[in-house]
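Inside the fold
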Amino acid sequence: MDEKSIKSCNSLSELEKLRVSIFGKKGYFVGQFAKMKTVADKEKKNFAQKLNKDKEYFLNLLNSKKMQLESQAIAIEMKKDRVDVTLFNSTSEAGALHPVMDTMDKIIEYFVSMNFSIEEGPLVEDDFHNFEALNLPKHHPARDMQDTFYFEDNMLLRTHTSPVQIRTMLKTDPPIRMICPGAVFRRDYDLTHTPMFHQVEGLVVGKSGEISFANLKYILKDFLKYMFGEVEVRFRPSFFPFTEPSTEVDISCIFCKGKGCRVCSHTGWLEVLGSGCVHENVFKAVNYKDVSGYAFGLGVERFAMLLHKIPDLRSLFEGDLRLLEQFR
Ligand code: DAH
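Described in the following lines is the structure provided in the data block. (Residues numbered from 1 in each chain as written. Predicted model: local features only at pLDDT ≥ 70, side-chain atom pairs only at ≥ 80, totals over all residues. Heavy atoms only, no water.)

1. Examining the sheet that holds strand β4 (residues 176-185)
Read from one edge to the other, the open sheet built from seven strands follows the order β1-β4-β5-β9-β8-β7-β6, with strand pairing classed as mixed. With partners counted over all chains shown, the strands left at the sheet margins are β1 (117-118) and β6 (233-240), one partner each. Pairing analysis gives 10 bridges linking β4 to strand β5 (residues 196-207), with the strands arranged antiparallel. Bridge pairing links Gly182 to Gln199 in β5. (Pairing = 2+ DSSP bridges. Helix = DSSP H or I, 4+ residues; strand = E, 2+ residues; numbered from the N terminus.)

What follows is the structure, encoded as structure tokens:
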């Protein structure tokens, strides 16, 4: 038993050997306490006191050495496993937003900057919100414009984001200035249609005579310039049951600058959204009186395809990394 070898010990296994030689069954102290028998009676007390003192001393010495060696071992392990996050790693691969979500964000950014609120509605809708209240009564031929997925009991997958107009008007008093981004569903599948796609709906309502077609024209022109840069914007008379008058909005073709090409079918124009002044029957359905307003709706995938020159809409939903990697 010696102090020096404990103090200079530098491995836990060595220390354990030393501990056994001191405190083990055949160790120093067991041997010493056995000697008590042979000690003269008057010496016994002193002898035992000294042994106990020594025992405590060595116990402390071993323990503190053990702690020291253990924390040294931990420090060494930590050093080995440390990851230097500042090191450059040429193989790291950052992800990116999907082009549809990226386009959606840009659209939302514009309207939020114009003080529009963002509203949401359910994907599983009822007939009233998706059709009836939007001036599309049962058997109205315009229902054919939208091939619908039906459930039982008049429930369906919403075919457009327009039902959120109705929900918002039913729960709030005018004025309203809202957009609703979200997924919609139709029974369609080809180069330019997928059964699920995304729309952004817009609705502005104020007092009667306060919101006019001129306001609609201004905001949509400004918005389309924000999205596509310096383009011509054209309002073309059209029909939607929920607006009167209704217009479809075109921009000059961003590929040929209006000269005519394959993408714009040699017309020089690209159709990008539908809009109009809110039909009085829609206001009647939500019990709004003495108001005026405009609404618009657009397909986010169409915007993404134009912005990123993607020829096949379906490729946006196939999750092919070779396409997605280009949007990093
Ligand atoms: N809901 C229409 C659709 O899905 C898009 C639309 C057109 C929305 C005109 C509107 C609007 O709010 O005024 O085809």
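2. What about unusual backbone geometry?
For the peptide bond that leads from Pro174 to Pro175, omega is 5°, which places it in the cis range. Structurally, the position occupied by Pro175 is in the loop between α7 (163-171) and β4. Each neighbour pair has its own omega, and for Glu244 with Pro245 the value is -5°, a cis peptide bond. Even without being a glycine, His139 presents a positive backbone phi close to 70°. With respect to the helices and strands, the residue His139 is situated in the loop between α6 (127-130) and β3 (155-157). Taking relative accessible area as the criterion, His139 reaches 76% and is therefore assigned exposed. Phi at Ser265 takes a positive value of approximately 50°, unusual for a residue other than glycine. Checked against the element boundaries, Ser265 lands in the loop between β7 (243-252) and β8 (269-278). Residue classification places Ser265 among the exposed residues on the basis of a relative accessible area of 53%. (Buried < 20%, exposed > 50% of the residue type's maximum accessible area, 1.4 Å probe, protein only.)

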